[in-house]
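Descriptive structure summary
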Amino acid sequence: MTPEPAGIVVVGASLAGLRGAEALRRGGYDGPLTLVGAEPHRPYDRPPLSKHVLAGALEADATRLPELTSLRARWRLGSAAVALDRAARTVRLADGSVLAYDKLLVATGAQARPWPAETGGDLAGIHTLRGRDDARTLRTALVAGPRHVLIVGAGLIGCEAASCLRDLGLPVTLADPHPAPLANSFGTFVGGVIAGCLRDAGAVFRPGTQVKAFEGDAAGRVVRARLADGSALEADLVIAALGAVRATGWLRRADLMADPGGLTCDAACRARAADGTACPDIYAAGDVARWPIPLYEGRLVCVEHWGNAVEQASHAARNMLAGPGDQRPYTHLPAFWSSQFGINIKLVGLTAGADSVAVVQGSRASRRFLAVYGQAGRSIAALSFDQARWLPAYAGAILAGAAFPPILDATDQPRIERADPGFSPSRASASAPRPVEVFHA
Ligand SMILES: Cc1cc2nc3c(=O)[nH]c(=O)nc-3n(C[C@H](O)[C@H](O)[C@H](O)COP(=O)(O)OP(=O)(O)OC[C@H]3O[C@@H](n4cnc5c(N)ncnc54)[C@H](O)[C@@H]3O)c2cc1C
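Please read these numbers as outputs of a predicted model, since none were measured by experiment. (Residues numbered from 1 in each chain as written. Predicted model: local features only at pLDDT ≥ 70, side-chain atom pairs only at ≥ 80, totals over all residues. Heavy atoms only, no water.)

1. Regarding the state of the cysteines
- The final tally for this structure, using the stated rule, is zero disulfides.
- Take Cys269: it sits in no disulfide, and the sulfur closest to it among the cysteines is that of Cys265, at 6.2 Å. (Disulfide = S-S within 2.5 Å.)

Okay, here's the thing in structure tokens:
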């Protein structure tokens, strides 16, 4: 008697896991399919958490993702995968059960980088924001009316949270070591626009500020942040928006190229073993995957964007079902959106390594503009603030490797404003082949 096939196991039951599983079924896979999720929830959407949920416009529980295909899957929710045995082709879960697989899709995403416990991270009143439960707890704490909210980290989540909190009328200070908000993502030239938005909204932005530790009261509640210059900031509620670490801890002993920076894959989304060979039965997609991006000279990137999770999961699923001779490379143009201070922000491409930026439509002063980033005379990214109509055209120019700035008929300015984008030196040298974290940096 032939043994039952073990089937496909997807570890990580969120956006990439769900869309990957759906793509497997749509691609004709009819065998056993298991989705393993550390959280007890069916897949839900994260972008609304730092926007509508914090604002109180949407309940945290109302973020469930639509399931687009009949999955006929076995769901193992609320029990994290804790170990992978590649030789035995099994995944062990926290509840002690062991799942066999023929093929495995790793979609474990990322976790919020916590504030270290040694410097006050375990005090009550310090929050991170990654999951639905975090958003619910944080929203409850906001409704209680904190007197001094401190957000540490002016990346996308920190800025989105600041925007929501000001809409709620809460006092907010946003502290970041960089000279401008969003400096890692957009550079200081564009980040300065967000600094203006923060100011106009009544938030206090503290550039060049290094928080060293948090101090609490006798009850163990945070009361202040101690800064590197010795001064202190009062805070009875803190949001630590410090970026993310990829959820690869469970792969620690699997002899893969995996670390907190991601699980390295080849161009076909196959996980690489520690010796560099591609594993034919293990694929990765979404925030956890570190992959060589063809458009940017094969540089290894972790792209923490919603659109990448969807597209890469579908691509990995396609390759999982294809033969070894039909493994297609993943050629994706990264793209994301954010909304804050009433502005709809969209980015296509990667800004890392940009040495110039040009405002080709609108103006920074009006907070309505389209800017293009260039590197060594080539257009590498385009960013719109409430000016996305021509963004697809610029995306096309980036894909075509157009010169910087690309000359498109949409230019409605007598003069294109060109500048240094203002990335920190470590960020500006990102053209070297090293891992780059793109979102939530
Ligand atoms: C607050 C917030 C706002 C965002 N806003 C935007 C936005 O405006 N635009 C945009 O483009 N992107 C945004 N993003 C990013 C986007 O949500 C992510 O890129 C997307 O969620 C990635 O999906 P994923 O499935 O790869 O990872 P995740 O969504 O992180 O899901 C991974 C899942 O795997 C589970 N898991 C982890 N370890 C294990 C384990 N060992 N065993 C089993 N399960 C495990 C996790 O619990 C989680 O459910 C935002 C993210 C956050 C957190």
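Next comes the rest of the account.
2. A few points about the sheet that holds strand β14 (residues 222-227)
- With respect to topology, three strands assemble into an open sheet ordered β13-β14-β15, the strand pairing being antiparallel. In this open sheet, the two edge strands, each paired with only one partner strand, are β13 (211-216) and β15 (232-234). Strand-to-strand twist in this sheet, taken as the mean axis angle between neighbours without regard to direction, amounts to 25 degrees.
- Sheet topology note: the β13/β14 ladder contains five bridges and is antiparallel. (Pairing = 2+ DSSP bridges. Helix = DSSP H or I, 4+ residues; strand = E, 2+ residues; numbered from the N terminus. Axes fitted to C-alpha atoms, helices over the stretch in contact; angles between N-to-C directions.)

3. Describing the environment of Leu84
- In this fold, Leu84 is placed in strand β4 (residues 81-85).
- Take Leu84: its relative accessible area is 6%, and that puts it in the buried class. (Buried < 20%, exposed > 50% of the residue type's maximum accessible area, 1.4 Å probe, protein only.)

4. Side note on the pattern of salt bridges
- All told, the structure shown has 21 salt bridges when counted by the stated rule.
- Salt-bridge contacts for Arg130 lead to Asp287; the nearest nitrogen and oxygen are separated by 2.9 Å. Placement of the pair is Arg130 in the loop between β9 (126-127) and α3 (132-143) and Asp287 in the loop between β21 (278-284) and β22 (289-293), with a sequence separation of 157 residues. Of the two residues examined, Arg130 and Asp287, each falls in the buried class. (Salt bridge = Lys/Arg side-chain N within 4 Å of Asp/Glu carboxyl O.)

5. Focus: the side chain of Asp176
- Looking at where Asp176 falls in the secondary structure, it is placed in the loop between β11 (172-175) and α5 (183-186).
- Buried and unpaired, Asp176 has no salt bridge, with Arg206 as the nearest side chain of opposite charge at 11 Å.
- The residues contacting Asp176, other than those within four sequence positions of it, are Gly153, Ala154, Gly155, Phe205, Arg206, Pro207, Gly208 and Thr209. (Lys, Arg positive; Asp, Glu negative; His and termini not counted. Contact = heavy atoms within 4.5 Å.)

6. Examining the nonpolar core
- Core analysis: the largest hydrophobic core is formed by 120 residues, its most contacted members being Leu84, Phe186, Tyr373 and Phe385.
- With residues near it in sequence (within four places) discarded, Leu84 still touches Thr90, Val91, Tyr101, Leu104, Trp250, Leu251, Ala254, Leu256 and Ile282.
- Core analysis: the next-biggest nonpolar cluster, separate from the first, contains 14 residues, Val222, Ala225, Ala235 and Val238 among them. (Core = buried A, V, L, I, M, F, W, Y, C linked by side-chain atoms within 4.5 Å.)

7. Quick notes on the layout of surface pockets
- Estimates place the volume of the largest pocket at around 970 Å³.
- Forming the boundary of the largest pocket are 49 residues, of which Ser14, Arg46, Gly109, Ala110 and Arg130 lie nearest the centre.
- Those elements that provide at least two residues to the lining of the largest pocket are α1 (15-26), β2 (33-37), β8 (110-112), α3, α4 (156-167), α7 (306-321) and β24 (335-340).
- Along the lines of polarity and charge, the residues of the lining of the largest pocket split into 24 nonpolar, 14 polar and 11 charged. (1 Å grid on protein atoms, 1.4 Å probe; cavity = no way out; pocket = protein on both sides within 12 Å on 5 of 7 lines; lining within 4 Å. Points joined across faces, edges and corners; volume = space filled by probe spheres on them. Nonpolar A, V, L, I, M, F, W, Y, C, P; charged D, E, K, R; others polar.)

8. As for unusual backbone geometry
- Of note, the amide linkage connecting Phe404 to Pro405 takes the cis form, showing an omega dihedral of -15 degrees.
- Relative to the assigned elements, Pro405 resides in the loop between α8 (391-399) and β29 (417-419).
- Positioned with a positive phi, Arg72 is a non-glycine residue whose angle comes to about 45 degrees.
- Assignment of secondary structure puts Arg72 in the loop between α2 (52-55) and β3 (74-77).
- Despite not being glycine, Asp255 shows a phi value in the positive range, around 60 degrees.
- Structurally, the position occupied by Asp255 is in the loop between β17 (244-246) and β18 (258-259).
- We classify Asp255 as exposed; its relative accessible area is 52%.

9. Quick notes on the UniProt feature "domain: FAD/NAD(P)-binding" (unreviewed entry) in the protein chain
- With numbering aligned to this structure, UniProt lists the feature "domain: FAD/NAD(P)-binding" (unreviewed entry) at residues 8-313.
- Between the end C-alpha atoms of residues 8-313 there is a gap of 14 Å, over a span that is 22% helix and 30% strand. (UniProt positions renumbered as here; feature names shortened; annotations may be inferred.)

10. Quick look at the environment of Ile239
- For Ile239, the location among the structural elements is in strand β16 (residues 237-240).
- You can call Ile239 buried: its relative accessible area is 2%.
- Considering only alpha carbons, one finds Ile239 and Leu150, 89 residues apart in sequence, at a separation of 6.4 Å.
- Look past the residues within four positions of Ile239 in its chain and what remains in contact with it is His127, Leu138, Leu150, Ile151, Val152, Ala161 and Leu165.

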